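# Chains, contacts and geometry: an overview
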Amino acid sequence: MDIEKVFKNIVLLDFVIFVLLFISIIIEPEEITNISDSLDTGIWDENTIALIFIGFLIVYLINLILLYKFVSFGKVLYSILFILGIVLPLTTGPIISSSFTYTLEWIGGATSGAILVLLYFSPIKDKFIKQ
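Residues numbered from 1 in each chain as written. Predicted model: local features only at pLDDT ≥ 70, side-chain atom pairs only at ≥ 80, totals over all residues. Heavy atoms only, no water.

Looking now at the overall build of the protein chain. Scanning the protein chain for helices and strands turns up 5 helices and 0 strands. When the helices and strands of the protein chain are listed from N to C terminus, the series reads α-α-α-α-α. Projected onto its principal axes, the C-alpha positions of the protein chain cover 50 × 25 × 20 Å. As displayed, the protein chain has an accessible area near 8,400 Å², and 72% of this comes from carbon and sulfur atoms. (Helix = DSSP H or I, 4+ residues; strand = E, 2+ residues; numbered from the N terminus. Areas by Shrake-Rupley, 256 points an atom, 1.4 Å probe, with all protein chains shown as cover.)

Within this model, the largest pocket holds a volume of roughly 1,800 Å³. Around the largest pocket sit 43 residues that line it, and Ile25, Phe53, Pro89, Ile95 and Glu105 are the ones nearest its centre. Split by residue class, the lining of the largest pocket holds 27 nonpolar, 10 polar and 6 charged. (1 Å grid on protein atoms, 1.4 Å probe; cavity = no way out; pocket = protein on both sides within 12 Å on 5 of 7 lines; lining within 4 Å. Points joined across faces, edges and corners; volume = space filled by probe spheres on them. Nonpolar A, V, L, I, M, F, W, Y, C, P; charged D, E, K, R; others polar.)

A word on the nonpolar core. In terms of nonpolar packing, the biggest core is built from 20 residues, with Phe7, Leu67, Tyr78, Ile115, Leu119 and Phe128 touching the most fellow members. Every element with two or more residues in this core is listed here: helix 1 (3-26), helix 3 (46-68), helix 4 (72-87) and helix 5 (99-121). If we skip the residues at most four places from it in the chain, isoleucine 115 touches Phe7, Ile10, Val11, Asp14, Leu67 and Tyr78. (Core = buried A, V, L, I, M, F, W, Y, C linked by side-chain atoms within 4.5 Å. Buried < 20%, exposed > 50% of the residue type's maximum accessible area, 1.4 Å probe, protein only. Contact = heavy atoms within 4.5 Å.)

Let's shift gears to the packing of helix 4 against helix 5. When two helices pack together, their arrangement is captured by the angle between the axes and the distance separating the axes. Interaxial distance between helix 4 and helix 5 falls to 11 Å at its minimum, and their mutual angle equals 140 degrees. The crossing of helix 4 and helix 5 is left-handed. Across the interface between the two elements, Lys75, Val76, Tyr78, Ser79 and Phe82 of helix 4 pack against Ser112, Ile115, Leu116, Leu119 and Tyr120 of helix 5. Its residues assigned to classes, the contact of helix 4 with helix 5 comprises 7 nonpolar, 2 polar and 1 charged. (Axes fitted to C-alpha atoms, helices over the stretch in contact; angles between N-to-C directions. Left-handed = near helix turned anticlockwise from the far one by under 90°.)

This brings us to the packing of aromatic side chains. Per the stated rule, a full pass over the model turns up 7 aromatic pairs. For the ring pair tyrosine 60 and tyrosine 78, a centre distance of 6.1 Å and an interplane angle of 40 degrees mean the geometry is tilted. In this pair, tyrosine 60 is assigned in helix 3 and tyrosine 78 in helix 4, connecting sequence segments 18 residues apart. In terms of burial, tyrosine 60 and tyrosine 78 fall into one category: buried. Note on tyrosine 102 and tryptophan 106: the rings are 6.4 Å apart at their centroids and 75 degrees apart in plane angle, and the pair reads as edge-to-face. With tyrosine 102 and tryptophan 106 both in helix 5 and 4 residues apart, this pair spans about one turn of that helix. (Phe/Tyr/Trp six-rings, centres within 6.5 Å; stacked < 30°, edge-to-face > 60°.)

For the rest of this paragraph, the subject is helix 5. Here helix 5 is 23 residues long and its end C-alpha atoms lie 32 Å apart, about the 33 Å a rise of 1.5 Å per residue gives. Those residues of helix 5 that fall on the buried side of the exposure criterion are Thr101, Leu104, Gly108, Thr111, Ser112, Ile115, Leu116, Leu118 and Leu119. In this fold, the buried residues of helix 5 make contact with helix 1, helix 3 and helix 4. (Expected span 1.5 Å × (residues − 1).)

With respect to the secondary-structure elements, phenylalanine 53 resides in helix 3. The sequence separation of phenylalanine 53 and leucine 88 amounts to 35 residues, and the corresponding C-alpha distance is 9.4 Å.

Have a look at this one:
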């Protein structure tokens, strides 16, 4: 199979997981939401967390489009977002989620890892030319 097609399919899979994660958070059981609301918000207040989360989501969606189109800036931006995706949750305090959301997060991590490996250790890295 063509490596370019594999890469694009993984990027699409990452988008689908992103959408499913968003939906799973919206339809989360009320019990989980109540427990989660009673927990400390870490070093940020709720409004700041919401703004950071929305900003991150918008940039992430744009970045997936850049990766799909092999725009060179998308490669660097994905690496930055990957690191931010690890660091930012460390500042938000404890989080409780459903098993479905938790599973999607693990699958999302696996697809992110696959994207990173393909971006830096496969012939795909040569497809990202400066434009």
